[in-house]
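# Architecture and fold: a report
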Amino acid sequence: MLYAIFGNDVPNSSERRKGARPAHLARLQALQDAGRLVLAGPFPSIDAIDPGAAGFSGSLIVAEFASLAAAQTWADADPYVAAGVYAQVAVRPYKKVFPA
C-alpha cells in the first residue's frame, strides 16, 4: 500500500538540511531503485522553486510500504529526523487515483 509521509521542518532548518541531505537522498534513491517511490520533494517556504535564504518548510514522500507500521519505522529513521530538521513527521495511508 502507499503511504504519504509529511515532514514539517523546524524554523531555520537550512543548515541542518544541507548536512543531512546526502544521507536523506540515498534512502530515497534506495526506495526508487526498489520501484517503491512515487514522489518526493520539499515544500519551499516561499512561492519559488528555489527559495534561496527562505529555505523549506517541510517535505512530502509518497512510497509503498508493507504496512503503516513499516512506513512509520522508515520515516522515524530518516536522517532529517536524526539531524533535527523535522519538528514533526506524520505518516498516513494514501490512495493514488490520478494519474491512472
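All figures in this text were calculated on a predicted structure; none of them were measured in a lab.

In the segment running from Phe-98 into Pro-99, the intervening peptide bond is cis, with an omega of -10°. Although it is not a glycine, Asn-12 sits at a positive phi angle of roughly 55°. With respect to the secondary-structure elements, Asn-12 resides in the loop between strand 1 (2-9) and helix 1 (14-33).

The terminal C-alpha atoms of helix 1 lie 27 Å apart, and with 20 residues this matches the ideal 28 Å at 1.5 Å per residue to within 8%. Along its length, helix 1 shows its largest kink, about 55°, at Ala-20, and proline Pro-22 lies within four residues downstream of that point. Buried-residue contacts for helix 1 involve strand 1, strand 2 (37-44), strand 3 (56-64), helix 2 (68-76), helix 3 (79-82) and strand 4 (86-94). At the C-terminal side of helix 1, Gly-35 shows a positive phi close to 75°.

Quick notes on the rules
- Residues numbered from 1 in each chain as written.
- Predicted model: local features only at pLDDT ≥ 70, side-chain atom pairs only at ≥ 80, totals over all residues.
- Heavy atoms only, no water.
- Helix = DSSP H or I, 4+ residues; strand = E, 2+ residues; numbered from the N terminus.
- Expected span 1.5 Å × (residues − 1).
- Bend = angle between axes of the 7 residues up to and from the residue.
- Contact = heavy atoms within 4.5 Å.

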